[in-house]
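# A structural walkthrough
So the chains spell out like this:
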Amino acid sequence: MRLDGERESGNVEDRRGSGGGLGGGARLGVAGGGLGTVALILIALFFGVDPRVILGGGGEAPPQQSQVTERRGAPEAGQDDGARRFVAQVLATTEDAWSDIFRRANRQYSPPNLVLFSGGTQSACGFAQTAVGPFYCPGDSKVYLDTAFFSDMERKLGAPGEFARAYVIAHEVGHHVQNQLGILGKVDRERRGMGEAESNALQVRVELQADCFAGLWANRTEQMRRIIEPGDIESGIGAAAAVGDDRLQRRSQGYVVPENFTHGSSAQRVRWFQIGLQSGDIQRCDTFGTDRL
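Presented here is an overview of the structure given in this document.

What counts, and at which threshold
Residues numbered from 1 in each chain as written. Predicted model: local features only at pLDDT ≥ 70, side-chain atom pairs only at ≥ 80, totals over all residues. Heavy atoms only, no water. Helix = DSSP H or I, 4+ residues; strand = E, 2+ residues; numbered from the N terminus. Buried < 20%, exposed > 50% of the residue type's maximum accessible area, 1.4 Å probe, protein only. Contact = heavy atoms within 4.5 Å. Arc of directions from axis to C-beta. Disulfide = S-S within 2.5 Å. Pairing = 2+ DSSP bridges. Axes fitted to C-alpha atoms, helices over the stretch in contact; angles between N-to-C directions. Parallel < 35°, antiparallel > 145°, perpendicular 65-115°, else oblique. Nonpolar A, V, L, I, M, F, W, Y, C, P; charged D, E, K, R; others polar. Salt bridge = Lys/Arg side-chain N within 4 Å of Asp/Glu carboxyl O.

## Considering the overall build of the protein
If you tally the helices and strands in the protein, you get 10 helices and 6 strands. Taking all 293 residues of the protein together, 55% fall into the buried category. Taking the intrachain contacts of the protein between residues at least 6 apart in sequence as the baseline, contacts between residues at least 24 apart amount to 76%.

Okay, structure coming up:
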């Protein structure tokens, strides 16, 4: 990715080195669902919404906006400023892309804050831990990310490259877009009376739409910035394929149980990223109104 000279977002909260504790927040649970703990953590390591939803807590995120003022600016001595700069620059591209998309629809985009942390930190959705991976919390409209995940993504999931990392951020911002459009709230209400299989199927549509939104971000950003280099798109596609439920299930237990999917198969994730990328049309990202995922 060509990010030299790109602006950095001012919406990064750097909590690295500040420590963290469970406090009074909700603990994050891991539910079985036939996948096993290892597979669920691998799934949670990539592309989550509310971790209580992904990992089986199922509760509605608190609607209140967090009023805590966090430290912004440069990280403490010894921390990786390059990682922070990369995250801030990618976040800035999502702000520009979605502001443009919303403006064309006569709407105003309110960007999320992105919280950088190390080890763990408190969120409105409970305690965020490195093991959970990146996620978006609708309760405080923030994306949570420990940049140590990027090395895990390369070593454990076989998804290297800057664009793969940018895709992670764009996917989580996609969940923020869903929250702004009222989609996450509607899905949460609909899931309350559903059985596990039906609820999982609806969650898959949420995740695939965020994949499509990530593709839409890439489309609009390339039009506006021309930052994509040869191999970047393949890197993003590889990241999407690496975290398909079928691949993770096969890796952890040797067989696939589609009714336990919560994020979609590798092929589905790649397909919806490409729909957003190639069309550049948010209307094409309606994963809820189609029989073909």
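What follows continues from the structure just given.
## Observations concerning helix α6 (residues 183-191)
Those residues of α6 that fall on the buried side of the exposure criterion are Ile183, Leu184, Val187, Asp188 and Arg191. In a view along the axis of α6, the buried residues occupy a sector of 130 degrees, so they form one face of it.

## Some thoughts on the state of the cysteines
Inspection of the entire model under this criterion finds 2 disulfides. A sulfur-sulfur separation of 2.1 Å characterises the disulfide bridge that pairs Cys125 with Cys137. Here the disulfide of Cys125 and Cys137 is right-handed, its torsion about the S-S bond being about 95 degrees. Of this pair, Cys125 sits in the loop between β3 (120-123) and β4 (126-129) while Cys137 sits in strand β5 (residues 135-137), placing them 12 residues apart in sequence. By relative accessible area, Cys125 is classed as buried at 1%. In this model Cys212 forms its disulfide with Cys285; the gap between the sulfur atoms is 2.0 Å.

## Regarding the sheet that holds strand β2 (residues 113-116)
What the 4 strands build is an open sheet, ordered β1-β2-β6-β5; its pairing is mixed. Lying at the two open borders of the sheet, with one neighbouring strand each, are β1 (12-14) and β5. Going from strand to strand, the sheet's axes swing by 25 degrees on average, the running direction of each strand aside. Where helix α5 (residues 162-180) meets the sheet, it contacts β2, β5 and β6 (142-145), and its direction lies at approximately 25 degrees from that of β5.

## Comments concerning the packing of helix α3 (residues 81-104) against helix α7 (residues 196-225)
Between α3 and α7, whose axes approach to 9 Å, the crossing angle comes to 95 degrees. Between α3 and α7, the angle is such that the two are roughly perpendicular. From α3, Val90, Thr93, Thr94, Asp96, Ala97, Trp98, Asp100, Ile101 and Arg104 reach across to α7, where they touch Phe213, Leu216, Trp217, Arg220, Thr221, Met224 and Arg225. When its residues are assigned to classes, the contact of α3 with α7 shows 8 nonpolar, 3 polar and 5 charged.

## A look at the pattern of salt bridges
In the structure shown here, the tally under the stated rule is 17 salt bridges. The partner of Arg84 in a salt bridge is Asp14, and the shortest N-O contact between them spans 3.8 Å. In this pair, Arg84 sits in helix α3 while Asp14 sits in strand β1, placing the two residues 70 residues apart along the sequence. This pair shows no difference in class: Arg84 is buried, exactly as Asp14 is. Residue Arg225 is joined to Asp96 by a salt bridge in which the shortest nitrogen-to-oxygen separation is 2.2 Å. With Arg225 in helix α7 and Asp96 in helix α3, this pair connects stretches of sequence that are 129 residues apart.

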